[in-house]
Amino acid sequence: MAAPETKKSGIIGDISIALVVVTILAVLILPLPLVIIDTLLVVNLCFSVIVVMVSLYVVDPLEFTVFPQMLLVGTLFRLALNVATSRSILLNADGGHVIETFAEFVIGGNYVVGVVIFLILTIIQFVVITEGAKRVAEVAARFTLDAMPGKQMSIDADFNAGLMTAEEAKARRKDLERAANFFGTMDGANKFVRGDAIAGIIIIIVNLIGGFMIGVLMKDMELIDAAARYTILSVGDGLVAQIPALLISVSAGLVTTRAVSDSNLAEDLRVQLFTSYKALSISGLFIIALNFVPGFPRAPFIIIGLLLLVASFVAYRKTQKVQQVVDDEDETIAEQEAKKPENVLQVMEVHPLALEMGLDLIPLVDPSQGGDLLDRIVPMRVQIAMELGFVMPGVQFKDNLNLKPNEYGIKVKGIEVTRGEILMGYMLAIQQPETDISQELVGFPTKDPAFGTPAVWVAGYEAQRAAQLGYMVTDPTNVLITHLAEIVKNYAHEILSRQEVQVMINKVKEKHPVVVKELIPEMLSLGDVQKVLQNLIRERVSIRDLSTILEKLTDFAKLSKEPDVLSELIRQSLSRQICNVLANEQNIIPVITLDPKVEQAIQESIQQTAQGPVLALNPQISQQILAKLANEVQSATSAGHNPVVLSNPQIRPHVKKLTERNFPALVVISYNEVAPKIKIQSIGNVAISFGG
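Residues numbered from 1 in each chain as written. Predicted model: local features only at pLDDT ≥ 70, side-chain atom pairs only at ≥ 80, totals over all residues. Heavy atoms only, no water.

Caption draft 1: Representation of the overall build of the protein. Helix and strand content of the protein: 24 helices and 14 strands. By the burial criterion, 39% of the 692 residues in the protein qualify as buried. Accessible surface, the protein as shown: approximately 38,800 Å² in total, 61% of it carbon and sulfur. (Helix = DSSP H or I, 4+ residues; strand = E, 2+ residues; numbered from the N terminus. Buried < 20%, exposed > 50% of the residue type's maximum accessible area, 1.4 Å probe, protein only. Areas by Shrake-Rupley, 256 points an atom, 1.4 Å probe, with all protein chains shown as cover.)

Caption draft 2: Quick peek at helix α23 (residues 619-638). For α23, built from 20 residues, the straight-helix expectation of 28 Å at 1.5 Å per residue is met to within 8% by its first-to-last C-alpha distance of 28 Å. When we look at burial in α23, the residues that qualify are I621, S622, I625, L626, L629, E632, V633 and A636. Taken down its axis, α23 places every buried residue within 130° of arc, on the same side. With respect to the buried face of α23, the exposed residues turned more than 90 degrees away are Q620, Q623, Q634 and S638. The secondary structure elements touched by the buried residues of α23 are β9 (588-594), α22 (596-604), β12 (644-647), α24 (652-660) and β14 (679-686). Regarding α23, its N-cap is N618, as a side-chain oxygen of that residue lies 2.8 Å from the backbone nitrogen of Q620 further along. Just downstream of α23, G640 is the residue with a positive phi angle, here 90°. (Expected span 1.5 Å × (residues − 1). Arc of directions from axis to C-beta. Contact = heavy atoms within 4.5 Å. Polar contact = N/O pair within 3.5 Å; in protein donor to acceptor, adjacent residues only side chain to side chain.)

Caption draft 3: Summary view of the pattern of salt bridges. With the rule as written, the count across this model stands at 18 salt bridges. The closest approach of N and O atoms between E387 and K489, which form a salt bridge, is 3.1 Å. Of this pair, E387 sits in helix α12 (residues 373-388) while K489 sits in helix α14 (residues 476-490), and the two are 102 residues apart along the sequence. We classify E387 as partly exposed; its relative accessible area is 34%. (Salt bridge = Lys/Arg side-chain N within 4 Å of Asp/Glu carboxyl O.)

Caption draft 4: Quick peek at the sheet that holds β14. Strand order in the open sheet formed by four strands is β13-β12-β9-β14, and the pairing between neighbours is parallel. Taken across any chain shown, the strands that pair with only one partner, and hence form the sheet edges, are β13 (667-670) and β14. Each strand of the sheet is rotated relative to its neighbour by a mean of 40°, with strand direction disregarded. Taken strand by strand, helix α21 (residues 575-582) contacts β9, β12 and β13, and its axis lies near 140° from that of β13. (Pairing = 2+ DSSP bridges. Axes fitted to C-alpha atoms, helices over the stretch in contact; angles between N-to-C directions.)

Caption draft 5: The nonpolar core, seen in detail. Residues L353, F390, V529, L550 and L553 are the most contacted members of the largest nonpolar core, which totals 70 residues. Among the elements that take part in this core, α14 stands out by supplying seven residues, more than any other. (Core = buried A, V, L, I, M, F, W, Y, C linked by side-chain atoms within 4.5 Å.)

Caption draft 6: Region of interest: the confidence of the model for the protein. Taken residue by residue, the protein gives an average pLDDT of 81. The fraction at 70 or more is 87%. Predicted confidence for residues 1-7 stays below pLDDT 50, and this span has zero contacts to residues more than four positions away or in other chains. (pLDDT = per-residue confidence, 0-100.)

Caption draft 7: Representation of the packing of helix α16 (residues 498-511) against helix α19 (residues 546-556) in the model. Viewed as axis vectors pointing N to C, α16 and α19 meet at an angle of 90°, and their least axial separation amounts to 10 Å. The angle between α16 and α19 falls in the class roughly perpendicular. Seen from α16, the contacting residues are M504, I505 and V508; seen from α19, they are L546, S547 and L550. For the contact of α16 with α19, the class distribution of residues is five nonpolar, one polar and no charged. (Parallel < 35°, antiparallel > 145°, perpendicular 65-115°, else oblique. Nonpolar A, V, L, I, M, F, W, Y, C, P; charged D, E, K, R; others polar.)

Caption draft 8: Up close: the sheet that holds strand β2 (residues 396-399). Overall, mixed pairing links the four strands, which are arranged β2-β1-β3-β4 in an open sheet. The outermost strands of the open sheet, each flanked by one partner alone, are β2 and β4 (415-421). Adjacent strand axes in the sheet meet at a mean angle of 20°, parallel and antiparallel pairs treated alike.

Caption draft 9: Structural detail: the packing of aromatic side chains. Using the criterion set out here, one finds one aromatic pair in the structure. Ring plane angle 80° and centroid distance 5.6 Å describe the contact between Y426 and F444, whose orientation is recorded as edge-to-face. Linking Y426 in the loop between β4 and β5 (427-430) with F444 in strand β6 (residues 444-447), this pair joins segments that are 18 residues apart in sequence. We classify Y426 as partly exposed; its relative accessible area is 29%. (Phe/Tyr/Trp six-rings, centres within 6.5 Å; stacked < 30°, edge-to-face > 60°.)

Caption draft 10: Spotlight on a negative patch on the surface. A contiguous patch of negative charge on the surface is contributed by D328, E329, D330 and E331. Inspection of the secondary structure assignment puts E331 in helix α10 (residues 298-339). (Patch = residues over 30% accessible without salt bridge, like charges linked within 9 Å, V, L, I, M, F, W, Y side chains within 5 Å. Lys, Arg positive; Asp, Glu negative; His and termini not counted. Charge placed at Lys NZ, Arg CZ, Asp CG, Glu CD.)

Caption draft 11: Structural detail: the pairing of strand β11 (residues 612-615). Summarising the sheet, strand β10 (residues 606-609) and β11 pair through four bridges and their orientation is antiparallel. Opposite T609, over in β11, you have G612 as the bridge partner. Between β10 and β11, which follow one another and run antiparallel, lie two residues.

Caption draft 12: Spatial organisation of the side chain of E356. Turning to its location among the elements, E356 is positioned in strand β1 (residues 353-357). Judged by its relative accessible area of 6%, E356 falls in the buried class. Side chain to side chain, E356 and K411 meet in a polar contact 3.2 Å long.

Caption draft 13: Spatial organisation of the environment of K679. As for its placement among the helices and strands, K679 is situated in strand β14. Separated by 91 residues in the primary sequence, K679 and I588 place their C-alpha atoms 4.7 Å from one another. If we skip the residues at most four places from it in the chain, K679 touches N587, I588 and I589.

Caption draft 14: Up close: a nonpolar patch on the surface. Nonpolar side chains collect at one region of the surface, where I17, V21, L25, L28, I29, L30, L76 and V83 lie side by side and expose about 700 Å² of accessible area between them. Contributing elements (two or more residues each) for the nonpolar patch: α1 (2-29) and α3 (67-92). With respect to the secondary-structure elements, L30 resides in the loop between α1 and α2 (34-57).

Caption draft 15: A look at helix α7 (residues 223-256). Taking 1.5 Å per residue as the helical rise, α7 with its 34 residues ought to reach 50 Å, and the 48 Å between its terminal C-alpha atoms agrees with that figure. The element α7 is extensively covered by neighbouring structure, given that 25 of its 34 residues are classed as buried.

Caption draft 16: Local environment of the environment of E349. Structurally, the position occupied by E349 is in the loop between α11 (341-348) and β1. For the pair formed by E349 and K413, sequence separation is 64 residues and the distance between their alpha carbons is 9.5 Å.

Caption draft 17: Examining the environment of S55 more closely. With respect to the helices and strands, the residue S55 is situated in helix α2. The exposure class assigned to S55 is buried, which follows from its relative accessible area of 2%. Note: C-alpha distance between S55 and T256 (201 residues apart in sequence) is 9.7 Å. Here V51 takes part through its backbone oxygen, which lies 2.8 Å from a polar atom of the side chain of S55.

Written out as structure tokens, the structure is:
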């Protein structure tokens with residue numbers, strides 16, 4: 001049953017449009033009775049009001065795609081009415097009751113006022129509304145056409161990705177085509193509105209001149225009577241035509257300027273204009289303040305100002321209620337989330353690296369207070385990655401009320417490993433070998449948190465004086481960054497997890513898949529590789545060239561599966577890299593050697609256990625070795641050297657473990673780790689008396 005009804009309604013619509021066009025032609029050609037003219041003028045006014053109302057409540061411009069054609073038909077109909085009314089005015093000196101009423105009621109029978117109002121309406125329509133709508137339509141048409149290829153490609157991409165069906169893609173392409181056609185036709189249709197405004201001016205001038213001549217020459221009217229009669233009728237006719245034309249122009253502007261929204265204009269205005277209680281309250285106070293200007297009427301300003309203040313209060317209450325609802329919902333969601341087991345697990349999670357700070361140090365990490373600690377973390381991570389080949393994890397920043405206000409603590413895997421103090425507003429002057437210490441600085445003596453070097457917290461001019469005396473002067477942020485970097489280097493072997501090793505190996509696998517495939521898991525497990533890498537970075541041997549390390553592990557894994565043995569073999573393979581860091585500009589490494597009897601005592605004290613080789617050296621001999629070594633290190637450091645201990649390969653890892661507690665930064669190498677082009681310079685020897 002639906003098809004016949006649709007067909008019937010379509011036929012009625014076609015006949016109606018045809019009748020409208022025929023009516024327009026009849027109005028243009030045939031003289032009409034005043035009753036019909038009045039009726040058509042009312043129809044024209046009613047039609048204009050309907051168009052304005054529809055334009056106000058339209059959500060999407062494409063809901064009113066008939067507007068360009070309707071604008072053309074409406075303009076033609078209005079011009080035809082102008083012809084009919086002009087004919088009646090010139091022939092009969094009468095335009096009907098509608099025109100008479102407009103002339104008497106709107107302009108009070110004063111034709112001068114009528115001319116002025118007509119000109120004002122024409123200027124508003126022609127200069128402001130029509131020109132603005134025309135420009136908007138031009139820009140909209142241009143942008144719509146320019147964006148069509150990109151939108152079509154987007155539709156094709158979504159369809160190919162399976163995000164929409166063929167019917168949905170077809171509908172979106174159809175909407176895109178309709179939008180392009182609509183804005184293109186609106187660009188042309190606005191020119192009809194412009195032409196209509198011009199025609200209205202010409203018609204009223206013709207009616208004035210023609211009516212004046214007909215009244216005086218053909219109807220024998222007095223000059224003043226003819227001028228008054230035809231001027232009032234012509235202006236009334238112009239107003240009757242111009243007001244609907246103005247409404248249509250406004251409708252064109254409303255449609256072309258309609259932005260993308262989920263609601264109509266009235267709703268958008270309510271939400272976007274009248275929900276800001278701050279704007280309403282300030283506006284209300286301003287209007288009330290104008291009431292005190294001498295000469296202004298007080299009642300309108302007070303009433304409008306009070307209304308704005310009331311509206312502001314209502315908007316404020318609504319905003320508070322909405323915010324309260326949002327806060328309640330957030331609290332409910334937070335409580336529900338906190339009860340979930342996975343969130344409890346998140347609280348239990350131990351971060352690999354954390355920095356806890358006292359309250360006075362918070363500005364260091366707060367960008368709004370000028371803190372740049374977060375920005376300086378990035379280059380520090382890059383430096384560590386280049387130096388050790390180890391990707392430092394992100395740092396968790398926390399405030400800790402248990403710390404002193406100017407104190408900080410660094411945690412590795414949840415355990416605090418060090419603390420330090422920083423004086424905000426001061427600079428740290430760190431003593432250097434070339435520093436002139438004969439002159440005392442005014443400040444707070446301390447030690448460099450990173451290396452334990454004597455230092456002084458200084459401020460103002462004293463910082464400049466410290467720099468002149470040879471101190472290295474640095475700011476609090478740099479002090480903290482340097483300390484954090486040293487902690488990361490010292491504990492990198494603990495921070496390097498198996499998951500991170502897997503990520504590094506996957507990166508190598510992209511370019512060297514054969515090496516990884518041959519080694520893991522055929523010859524070594526991921527855990528064994530992790531232990532080797534941990535042993536290397538424990539002594540600050542860079543693992544940046546991971547592909548080479550994995551290749552060497554592939555070769556050495558045929559000889560031994562023991563991570564400690566593999567680590568020593570890898571160190572020997574990386575001899576050039578190790579020596580390059582330790583040697584001076586003349587390719588010389590200043591070393592402290594061990595007396596053969598000391599090496600023999602250490603080697604004889606190595607015992608094999610289930611956990612691997614362990615050094616079980618006599619405590620008295622250990623103390624003597626460490627005491628002698630301390631003297632040699634002190635002498636070498638005083639001479640400006642960065643000493644390195646040199647031993648035979650069999651005892652090197654045990655010597656390192658023996659000296660690690662007392663000299664954590666002391667490097668121990670073996671004879672097999674000395675590269676061919678590197679020279680050795682002995683600057684000390686550790687020899688002790690064994691007695692009896």
